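Analysis of the macromolecular model
Chain by chain, the residues run as shown.
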Amino acid sequence: MRTFLITVTALVALTTVAAAETRNVNNFTGVSAADRIRVEVSVGERYNVDVSGSDADKVTTRVDDGTLIIRRTHRPLWGGTPPIDATVRVTAPRVDSLASSRGAELNATNINAQDMSLAAAMGGELRVSGTCTTLDAAVSMGGVIRAEGLECRDADIAASMGGDARVFASNHYDAAASMGGSVNVSGGGRSGDIATSMGGSVDGH
């Protein structure tokens, strides 16, 4: 029995390793993920994109106008998107744009950007840490941005339709929140143009 269990475990491990794929994509500074795919992004010397998990072959990766597009193949046209067992690990020399939608989870670390753009929508989630000079963040339709660990000098943030954004601005920020959108700004920056409507909220500290 013990020998049988060891054999099964070894077969599962081999299957997992076999499912790992390295994609031949480069020359991008942005990453856009969707369809409940998990993505991990970091800054490094070389481009590298690895896809692992039993559903790795169901993930497409392509570069369009400087952005790495990560999507699921044969996504259902109607109803919710089912879970997928796939994780995409991305390394690039420079990252200045991140987007997450349709339930994707994107985590980015070690970001060092001059101008940084973040966007989350339709249940997409972004978690970002590092530094930047100026931040442009937009969140809507239940999207979530957790970027308190991305220490930026200035920020312009918009949240709507239940979107939730938490960012850092040490000097100045403008913010707009509507239709249940929420903006929370840490870092002690002074507020500029602030607009709220239809249950939106902006909190700075």
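To start, this report covers the structure provided alongside it. Remember, it's a predicted structure, so these values are computed and weren't measured experimentally. (Residues numbered from 1 in each chain as written. Predicted model: local features only at pLDDT ≥ 70, side-chain atom pairs only at ≥ 80, totals over all residues. Heavy atoms only, no water.)

Judged by nonpolar contacts, the single largest core of 49 residues is most densely connected at L98 and L118. Setting aside residues up to four positions removed in sequence, L118 forms contacts with L98, L126, V128, L135, D136, A137, A138, I145, A147 and L150. (Core = buried A, V, L, I, M, F, W, Y, C linked by side-chain atoms within 4.5 Å. Buried < 20%, exposed > 50% of the residue type's maximum accessible area, 1.4 Å probe, protein only. Contact = heavy atoms within 4.5 Å.)

Tracing the chain through its elements places C132 in strand β10 (residues 125–140). Taking the relative accessible area as the measure of exposure, C132 reaches 7% and is therefore buried. Discounting chain neighbours no more than four positions away, the residues touching C132 are A113, Q114, M116, L150, E151, C152 and R153. (Helix = DSSP H or I, 4+ residues; strand = E, 2+ residues; numbered from the N terminus.)

Per the stated rule, a full pass over the model turns up one aromatic pair. For the pair F28 and Y47, a centre-to-centre distance of 5.0 Å together with 55° between the ring planes defines the contact as tilted. Here the residue F28 occupies a position in the loop between β1 (21–23) and β2 (30–33), and Y47 occupies one in the loop between β3 (38–43) and β4 (48–52), the gap between them amounting to 19 residues. (Phe/Tyr/Trp six-rings, centres within 6.5 Å; stacked < 30°, edge-to-face > 60°.)

Across five bridges, β3 lies against strand β9 (residues 105–121) in parallel orientation. Bridge pairing in β9 places V39 opposite L106. Pairing of strand β8 (residues 97–101) with β9, which is carried by five bridges, proceeds in the parallel orientation. Each bridged residue has a counterpart across the sheet, and for L98 the counterpart in β9 is L118. For β9 and β10, the ladder comprises 14 bridges, and the chain directions are parallel. Counted as the bridge partner of N107 is R127 from β10. (Pairing = 2+ DSSP bridges.)

A full pass over the atoms with the stated rule returns 12 salt bridges. Among the salt bridges present, the one from R146 reaches D164, with a minimum N-O distance of 3.0 Å. Residue R146 is found in strand β11 (residues 144–160), and its partner D164 is found in strand β12 (residues 164–178); the two are separated by 18 residues along the sequence. Look at D164 and you get buried, because its relative accessible area is 16%. Via salt bridges that share partners, R146, D164 and R166 belong to a single interconnected network. (Salt bridge = Lys/Arg side-chain N within 4 Å of Asp/Glu carboxyl O.)

The next subject is the environment of E148. Along the chain, the position of E148 falls in strand β11. In this structure E148 comes out as partly exposed when scored by relative accessible area, which is 34%. Counting along the chain gives 38 residues from E148 to S186, while the straight-line C-alpha distance between them is 6.9 Å. When neighbours within four sequence positions are excluded, E148 is seen to be in contact with R166, V167, F168 and S186.

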